[in-house]
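What follows is the residue order along each chain.
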Amino acid sequence: MKFQSLSIKWQLLMICILLVTAPTVILGGCSYFIFKREIYKSVEEKLKTIMHDWQTTTDVYLQENTRVLKREEVLVKQRLSSVALDVKKMFELSYAQNSQKLSAEGLNSLLNKISKIKIGRGGNVFILDEHGNYLVRNYAVKKSENVWDLTDENGKFFMRDIINEVKNLQADNTYEAHYLFKKYPEDIPRVKLVIFSYFEPLKLIIGANNYYTDFKSYELEHILQEELKYKMAEQKIGASGYLWALNEKGEYVVSKDRLRDGENIWDSQDSNGRYFVQEIIAKAKTIRPQDTAIFYYSWKNLGEQKPSPKIAAFSYIPQWGWIIGASAYEKDFLEGLKKISFSIFFVCLIFIIVGSWIAYRFALFISEPIERLRKISVQAAEGNLDVEMEQITAATGEVGSLARSFNAMLINLKKKIKEIEDANEALLKSNNELKSARAQLLQSEKMASIGQLAAGVAHEINNPTGFVMNNLAVLKTYILNLNTIIKRYEEVEKTLKKLSPQELERTLQELLWLRSNLRIDYILSDLPKLIDESYEGTERIKRIVSSLKTFSHTQIEEKKKANINALIESSLDIAWNELKNKSDVVKNYGQLPEILCYPLDLSQTFLNIFVNAAQALDQKGTVTIKTFHKNDEIFIEISDTGCGIPEEILPHIFEPFFTTKPVGEGTGLGLSLAYNIIQKHSGKITVKSKVGQGTTFIIKLPIHEKAHAKAS
């Protein structure tokens, strides 16, 4: 049921309810989404706060570990520096005792002693020559290995730089270096701390080294990390949230209840195929220290059937390569939103019910007098203008004012109806007179056209009449000759049996001479042609008379189907005498369907155009007629090679009584009537003309009957 078909009471009620319901629903929806947004915002802030607390806790552990590591590093440096200088002194003493010389045997013996030196748990002494060849390494004397081409992670030959720096040391100075080095058979290089000294006489580079992983503080770092992991595992967030930690490879450092520690989840995907763990790790590396980032994802723990939406706040601990996150399940913190949404729904429902009842009472108050006024207006519309309005006109407010205005309108309407009826009667009378005048005008134009063409038409009838009369005179002579020879044959027939052979021969010669002299053979051959010519002449007279009779018909014409080509031919018959001496008529007729039209009116149109074409030809020219149909339309193009129409006159040629002929030679109605006739057929007539080159009239007529129904 459409809204417009409802009564005004129900329309008002629906509008009022809509005005109550729509804002209520919008307000309720907005409230729900605002609460939801605030809950998410609150959870994000809470998770960030938790992460901030854990960043602080982690910083305490890192600071403690760093403090211990730095204190131990100072002690180790002192120890390594002392060892490097002691080894240098060993070379100096041996070198001095042997008179500034040292044999190969003595050197090997000294190198063996030095190789036995051990520093801490894993430190030792190594010796290189100035070309980077090992003399002592890993507690043994070696000469086959070389460090000259060793590079760091950036491709830099760091040992060359170290050797060059050490060679420049003065007196008992030392050189400190830190670099990554892989000790056989280890796979992973470790950071190495080395203190170098230089024994210049033998050009020996002495290095005392130790790995940072051998420091006692590294055991402390492991202890601190394990303590931190247990504390993180004990942290609970909401009903089922927890803390977790990953390393940069995507391996669990801390998992829920420590059940999945060490498991690699780098390739974990959500339901959309997103590698969210890789995204978390990549994003964590981009955030600044002490900052946190928020991430939404779906996660499935051990024993769960399907993943659940989660929100996590995480930060990055670059010293350990950890990504620490505090996460909570959406279902936990959205539980309170269900209660809020129910309260919002209940309040909105109450508001809609109360508002709808108020809207109903308001709709009744407004609609009842309007409904009474509507019923009265229906009666007035049915013609009963003497309706009772007192009850409504007594009402106050806009409805009462409207009723009083309506009552005044009914009174005025009665007067106007009487005036309209009188005017309508006069209009009908004028319309009938106008139709009669139009018919008379059209008939006058027809008669004017016939009068204008009368001499030519008479001439056209006179020509066939003349040769028909001549043929009748010749036919009379032919009949006399035939009667003469027939009578002679009858006489011979009566005396044929009495004649002798000589008389019979003589009679036969006489008949032959008579037949030849009377041209009987010619007469017999010429008679059919004579009759055909006479028949053609009478048909020509009949066609011209029929066209004139049809064209001058005065009764109101009804629409009927006709062929346009035939109507053009009929009009040409009437206008032929005007055209034949002035122009050659070229016909290019297309195959046209019959259309529903007023044939006499269209014939009048074509005749007027033909007459205008004949009058435009000052000397021998050409009139071309072309017909065709395209896209459900018939096109008629009538062109002449006459004088043409000036450009300033062209817009006025279809105006009534407009003519360029001298007074008394034209009515100025021919083309105006043609224009109106084509308009009546829902068609279009246009003209193209150029002075000195000719004129073309283009007529378009629709083919389908439905196009004419509108014009009828």
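Source: prediction; values computed, not measured.

1. Some words on the overall build of the protein chain
Broken down by element type, the protein chain carries 15 helices and 20 strands. Out of the 712 residues belonging to the protein chain, those deemed buried represent 38%. Sequence separation of at least 24 residues holds for 62% of the intrachain contacts in the protein chain that already meet a minimum separation of 6. Of the accessible surface of the protein chain, which amounts to about 42300 Å², a share of 56% is contributed by carbon and sulfur atoms.

2. Some words on the nonpolar core
Ranked by size, the top nonpolar core spans 37 residues in total, and within it Ile564, Leu602, Phe606, Phe610 and Ile636 carry the most contacts. Only α12 (564–580), β16 (595–597), α13 (599–616), β17 (621–630), β18 (633–640), α14 (670–680), β19 (684–690) and β20 (694–702) provide two or more residues apiece to this core. When residues in this core are grouped by element, the largest group, eight residues, is from α13. If sequence neighbours within four positions are ignored, isoleucine 564 has contacts with Leu592, Ile595, Leu602, Phe606, Ile634, Ile636 and Leu701. One finds Leu47, Met51, Trp320 and Leu334 within the second-largest nonpolar core, a separate group that totals 29 residues.

3. Details of α12
The sharpest bend along α12 measures roughly 60° and falls at isoleucine 574. Residues of α12 that are buried include every one of Ile564, Asn565, Leu567, Ile568, Ser571, Leu572, Asp573, Ile574, Ala575, Asn577 and Leu579, and no others. At the N-terminal boundary of α12, the capping side chain belongs to asparagine 563, with an oxygen 2.9 Å from the backbone nitrogen of asparagine 565.

4. Section: the environment of glutamine 319
Tracing the sequence through the fold places glutamine 319 in the loop between β12 (308–317) and β13 (322–329). The exposed category is assigned to glutamine 319, whose relative accessible area is 54%. A sequence separation of 257 residues divides glutamine 319 from leucine 62, and the C-alpha atoms of the two residues are 8.1 Å apart.

5. A closer look at the packing of aromatic side chains
On inspection of all chains with the given rule, the structure shows 14 aromatic pairs. Centroid distance phenylalanine 126 to phenylalanine 196: 5.8 Å. Interplanar angle 80°. Geometry classified as edge-to-face. With phenylalanine 126 in strand β2 (residues 123–129) and phenylalanine 196 in strand β6 (residues 190–199), the pair connects residues that are 70 residues apart, well separated along the chain. Like phenylalanine 126, the residue phenylalanine 196 is buried in the burial classification. Cluster of aromatic residues (ring-pair linked, three or more members): Phe126, Tyr134, Tyr175 and Phe196. Over the aromatic face of phenylalanine 181 sits the side chain of lysine 192, whose NZ or CZ is 4.3 Å from the ring centroid. Note that arginine 258 overlies the ring of tyrosine 230, its terminal NZ or CZ placed 4.8 Å from the centroid.

6. Remarks on the packing of α12 against α13
Interhelical geometry of α12 versus α13 gives an angle of 40° and a closest axis separation of 9 Å. Along this stretch, α12 crosses α13, giving a crossing that reads as right-handed. Here α12 contributes Ile564, Leu567, Ile568, Ser571, Leu572, Ile574, Ala575, Glu578 and Leu579 to the contact with α13, which in turn contributes Pro599, Leu602, Ser603, Phe606, Leu607, Phe610 and Ala614. Its residues placed into classes, the contact of α12 with α13 shows 13 nonpolar, two polar and one charged.

7. Some remarks on the side chain of asparagine 210
By the secondary structure assignment, asparagine 210 is in strand β7 (residues 204–211). Not counting residues up to four positions away in its chain, the partners in contact with asparagine 210 are Val76, Leu80, Ile119, Gly122, Gly123, Lys192 and Leu193.

8. Considering the pattern of salt bridges
If you walk through the whole model with that rule in mind, you get 20 salt bridges. One salt bridge connects lysine 77 with glutamate 73, and the closest N-O pair in it is separated by 3.5 Å. Of this pair, lysine 77 and glutamate 73 both sit in helix α1 (residues 8–97), four residues apart, which is roughly one turn of that helix. Residue class for lysine 77 comes out partly exposed when judged on its relative accessible area of 24%. Take glutamate 73: its relative accessible area is 16%, and that puts it in the buried class. The partner of lysine 587 in a salt bridge is glutamate 569, with the nearest N and O atoms 2.8 Å apart. In this pair, lysine 587 sits in strand β15 (residues 583–588) while glutamate 569 sits in helix α12, placing the two residues 18 residues apart along the sequence. Each of Glu73, Lys77 and Glu176 takes part in a single network of salt bridges with overlapping partners.

9. Regarding the pairing of β6
Counting buried positions along β6 yields nine of 10 residues, so the element is predominantly enclosed. Across eight bridges, β6 lies against β7 in antiparallel orientation. Within the sheet, the bridge partner assigned to tyrosine 198 lies in β7 and is isoleucine 205.

10. Some points on a nonpolar patch on the surface
A cluster of nonpolar side chains, contributed by Phe342, Phe346, Val347, Ile350, Val354, Trp357 and Ile358, occupies part of the molecular surface with about 760 Å² of accessible area. By relative accessible area, isoleucine 358 is classed as partly exposed at 49%.

11. Considerations on the confidence of the model for the protein chain
As a general rule, the predicted coordinates of low-pLDDT regions are not to be interpreted in detail. Mean pLDDT over the protein chain: 79, with 80% of residues reaching 70 or higher. A low-confidence stretch, residues 706–712 (pLDDT under 50), is modelled with 12 contacts involving residues beyond four sequence positions or located in other chains.

12. Remarks on the sheet that holds β18
The five strands are arranged β15-β17-β18-β20-β19 in an open sheet whose pairing can be described as mixed. Two strands in the sheet have a free side with no partner beyond their single neighbour: β15 and β19. When the angles between neighbouring strand axes are averaged without regard to direction, this sheet yields 15°. Taken together, the six bridges between β15 and β17 define a ladder with parallel strand orientation. Counted as the bridge partner of valine 585 is valine 623 from β17.

13. Overview of the environment of glutamate 145
Along the polypeptide, glutamate 145 turns up in the loop between β4 (140–141) and α3 (158–166). On the accessibility criterion, glutamate 145 (28% relative accessible area) is partly exposed. Distance in space between the C-alpha atoms of glutamate 145 and leucine 135 is 8.5 Å, their sequence separation being 10 residues. Those residues within four positions of glutamate 145 in sequence are excluded, and the remaining contacts are Gly132, Asn133, Tyr134 and Arg137. Here arginine 137 takes part through its side chain, which lies 2.2 Å from a polar atom of the side chain of glutamate 145.

What counts and what doesn't
- Residues numbered from 1 in each chain as written.
- Predicted model: local features only at pLDDT ≥ 70, side-chain atom pairs only at ≥ 80, totals over all residues.
- Heavy atoms only, no water.
- Helix = DSSP H or I, 4+ residues; strand = E, 2+ residues; numbered from the N terminus.
- Buried < 20%, exposed > 50% of the residue type's maximum accessible area, 1.4 Å probe, protein only.
- Contact = heavy atoms within 4.5 Å.
- Areas by Shrake-Rupley, 256 points an atom, 1.4 Å probe, with all protein chains shown as cover.
- Core = buried A, V, L, I, M, F, W, Y, C linked by side-chain atoms within 4.5 Å.
- Bend = angle between axes of the 7 residues up to and from the residue.
- Polar contact = N/O pair within 3.5 Å; in protein donor to acceptor, adjacent residues only side chain to side chain.
- Phe/Tyr/Trp six-rings, centres within 6.5 Å; stacked < 30°, edge-to-face > 60°.
- Lys NZ or Arg CZ within 6 Å of the ring centre and 35° of its normal.
- Axes fitted to C-alpha atoms, helices over the stretch in contact; angles between N-to-C directions.
- Left-handed = near helix turned anticlockwise from the far one by under 90°.
- Nonpolar A, V, L, I, M, F, W, Y, C, P; charged D, E, K, R; others polar.
- Salt bridge = Lys/Arg side-chain N within 4 Å of Asp/Glu carboxyl O.
- Pairing = 2+ DSSP bridges.
- Patch = residues over 30% accessible without salt bridge, like charges linked within 9 Å, V, L, I, M, F, W, Y side chains within 5 Å.
- pLDDT = per-residue confidence, 0-100.

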